[in-house]
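Coordinates in review
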Amino acid sequence: MTTTFTDETRERARDIIARYPADRSRSALLPLLHLVQAEEGYVSPAGVAFCAEVLGLNKAQVGAVATFYTMYKRKPTGDFLVSVCTNTMCNVLGGQEVYDTLAEHLGVGHDETTTDGTITLEHAECLAACDYGPVMTVNYDFFDGVDASTAVGVVDELRAGGRPMPTRGARLCTLKEMAVQLAGFADERDGAVADGGPGEPTLRGLRLAQQHGVSVPGFDPNTPIRSKAEADKAAAEAKAKAEAAKPAPVEASAAPVKGGDGASAPTGIAEPAKPETATGSTAPDVKAPDDKSPQVRTAETRQPDAGTAVPDAPGTKVPTDGTGTAPEAGDARSAEAAGVAANAPASDGKPAGDEAGAQERNLTEAKAGTDADGAGPADANETGAQK
């Protein structure tokens, strides 16, 4: 089924795209996916096509993003997404029992929706609220310290048309209303951000910080957040001030310069430039190691060749033999060749470590045993195998 998105959605899509530079418009994809979810309740194939159309992408590029993030739903979802944490901490405190009770009460499993289209249930790996466990969220708003009975009470109130108050956060909204906010638009419902408050563990941390004088250095809660235009203006003013503070360039002196015999040099000839101050480094004038690839620089640092390595070059360190003497050129290659010669790999005909001498000895002993007791070839083979 093809969906035609409303004029309001298309206008909002243009507003979202306008937030980004013209050559970075594809950065608007995430809020655009929330926008189409706000109209349909999930990211449908039509929603993927819409995002691809307005951004000039292909549907595969949009679909790759939509399937990566769990907040984008790929099939119709209820008005209220109920997520129960079943990870370690919440599970120990009873999270799995809460989830199992809701699944039985609602008659649905993970990522399934009730027949009336009100609630979609899911188990979450972690909701990042271990100090409030066991927790569940309704459209990403928290209900802390729940148990099986309180969780059932919340979903029953939702199915009856109520809006139970979350433990923390503002008033509940539907999944579509939440998607509008995630797309970057204000919630225009009356009292949408009213009520709510912090949890006790959070307040406890704040009280401890106040008690012990812990704060961010230089933090002023009354400092307003500047707009982008104000920040750009301040940056331009700071740059202009820094340019003005730079010293003026020194012009070449036109004064006569005396020669070695005391006579004046021709007018207009500047005094010879003074040599640059020595840096104190004993390294020859070589290119900085940064001119090389990281792989080459790392290899030379670990085992440089004494014939080419620069002992004082930045970023390199020539190993010594304990007497302060660098290894001779090619030592590393010679050692490697000697190691290869002393550890020849086994051929395909015998396992590694198997010596020809041992095989000859076994055959000789087997033959000697046959000659002594008159055993036949089969017996000799068996004797050799035993030995």
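Below is a short write-up of the structure. Keep in mind that this is a model prediction, so the values were computed, not measured. Residue positions are given per chain, counting from 1 as you read along its sequence in written order. Note on the predicted model: pLDDT of at least 70 is required for a residue's local features to be given, and 80 or more for side-chain atom pairs to be given and counted; whole-chain, interface and lining totals, by contrast, use all residues. Hydrogen atoms and water are omitted, and side-chain values are computed over all heavy atoms in the structure.

**Examining the overall build of the chain**
What counts, and what does not: Secondary structure elements follow DSSP: runs of H or I of four or more residues count as helices, runs of E of two or more count as strands, with numbering from the N terminus. Throughout, exposure labels follow a simple rule: accessible area from a 1.4 Å probe, protein chains only, divided by the maximum for the residue type, with under 20% read as buried, over 50% as exposed, and the rest as partly exposed.
Secondary structure assignment for the chain yields 14 helices and five strands. Within the chain, the fraction of its 387 residues that count as buried is 28%.

**A look at the pairing of strand β3 (residues 119-124)**
Two faces, one strand: in a regular strand the side chains alternate between the faces of the sheet. Defined as follows: What makes two strands pair is DSSP finding at least two bridges between them.
Counting buried positions along β3 gives five out of six residues, so the element sits mostly inside the fold. Bridging between strand β1 (residues 80-85) and β3 involves six bridges; their strand directions are parallel. Opposite Cys85, over in β3, you have Ala124 as the bridge partner. Here strand β2 (residues 112-113) runs beside β3; their pairing, made up of two bridges, is antiparallel. Paired with Glu112 across the strands is Leu121, a residue of β3. The turn joining β2 and β3, which pair antiparallel and follow one another in sequence, is formed by five residues; a positive phi near 75 degrees is taken by Gly117.

**Describing the nonpolar core**
Operational definition: Grouping buried Ala, Val, Leu, Ile, Met, Phe, Trp, Tyr and Cys residues that are joined through side-chain atoms within 4.5 Å yields what is termed a nonpolar core. Throughout, a residue-residue contact means that at least one pair of heavy atoms, one from each residue, lies within 4.5 Å.
One finds Leu32, Leu33 and Val62 to be the most contacted residues of the largest nonpolar core, which totals 26 residues. Elements with a contribution of two residues or more to this core: α1 (7-17), α2 (29-40), α3 (45-55), α4 (59-66) and α8 (175-182). The residues contacting Val62, other than those within four sequence positions of it, are Leu29, Leu33, Val48, Cys51, Ala52 and Leu57. Within the second largest apolar cluster, 21 residues are counted, among which are Val84, Val138, Val146 and Leu172.

**Points about α4**
Using the following cut-off: What the arc describes is the spread of directions from the helix axis to the C-beta atoms. Here a polar contact means two N or O atoms within 3.5 Å. Within protein one must be a hydrogen donor candidate and the other an acceptor candidate, and residues neighboring in sequence count only if both atoms are side-chain atoms.
Every buried residue of α4 is accounted for by Val62, Gly63 and Ala66. Down the axis of α4, the buried set is contained in an arc of 100 degrees. They therefore lie on one face. On its buried side, α4 packs onto α2 and α3. Its side-chain oxygen at 3.2 Å from the backbone nitrogen of Ala60, Asn58 defines the N-terminal cap of α4.

**Some words on the pairing of β1**
Among the six residues in β1, six count as buried, and that is most of the element. Both faces of β1 are covered, namely the face carrying Phe80, Val82 and Val84 and the face carrying Leu81, Ser83 and Cys85. Here three bridges tie β1 to strand β4 (residues 136-138), and the two strands are oriented antiparallel to one another. Bridged to Ser83 within β4 is Thr137.

**Looking at the pattern of salt bridges**
Test applied: By convention in these notes, a salt bridge is any Lys or Arg side-chain nitrogen within 4 Å of a carboxyl oxygen on Asp or Glu.
Going through the model one piece at a time under the given rule, you end up with 10 salt bridges. Glu53 is the partner of Arg10 in a salt bridge, and the nearest nitrogen-oxygen pair spans 4.0 Å. In this pair, Arg10 sits in helix α1 while Glu53 sits in helix α3, placing the two residues 43 residues apart along the sequence. One salt bridge in this structure joins Glu243 and Lys246, with 3.6 Å as the shortest N-O distance.

**Examining the packing of aromatic side chains**
Put simply, the rule is: Classification of ring pairs uses Phe, Tyr and Trp, with its six-membered ring standing for Trp, and accepts pairs whose centres are within 6.5 Å; under 30 degrees between planes counts as stacked, over 60 as edge-to-face, and the remaining range as tilted. Put simply, a charge is over a ring when the Lys NZ or the Arg CZ is close to the ring centre, within 6 Å, and near the line of the ring normal, within 35 degrees.
In this structure the tally under the stated criterion is three aromatic pairs. Geometry around Phe185 places Arg19 over its ring, the cationic atom sitting 5.0 Å from the centre.

**Quick look at the packing of helix α6 (residues 95-106) against helix α7 (residues 148-159)**
Where we set the bar: Only C-alpha atoms enter the line fits that serve as axes; for helices the fit covers just the stretch in contact. Angles between N-to-C directions range over 0 to 180 degrees. Note on terminology: angles under 35 degrees are roughly parallel, angles over 145 are roughly antiparallel, angles of 65 to 115 are roughly perpendicular, and the others are oblique. Here a crossing is taken to be left-handed if its near helix is turned anticlockwise relative to the far helix by less than a right angle, and right-handed if that turn runs clockwise. Polar here means any residue outside two lists: the nonpolar Ala, Val, Leu, Ile, Met, Phe, Trp, Tyr, Cys and Pro, and the charged Asp, Glu, Lys and Arg; Gly therefore counts as polar.
Contact pair α6 / α7: the axes reach a minimum separation of 9 Å and the direction vectors enclose 40 degrees. In terms of axis orientation, α6 runs oblique to α7. Like other packed secondary-structure pairs, α6 and α7 cross with a definite hand, here right-handed. Note on element contacts: α7 touches α6 through Ala148, Ala151, Val152, Val155, Asp156 and Arg159, opposite Glu97, Val98, Thr101, Leu102, His105 and Leu106. Across the contact of α6 with α7, the residue classes tally to seven nonpolar, two polar and three charged.

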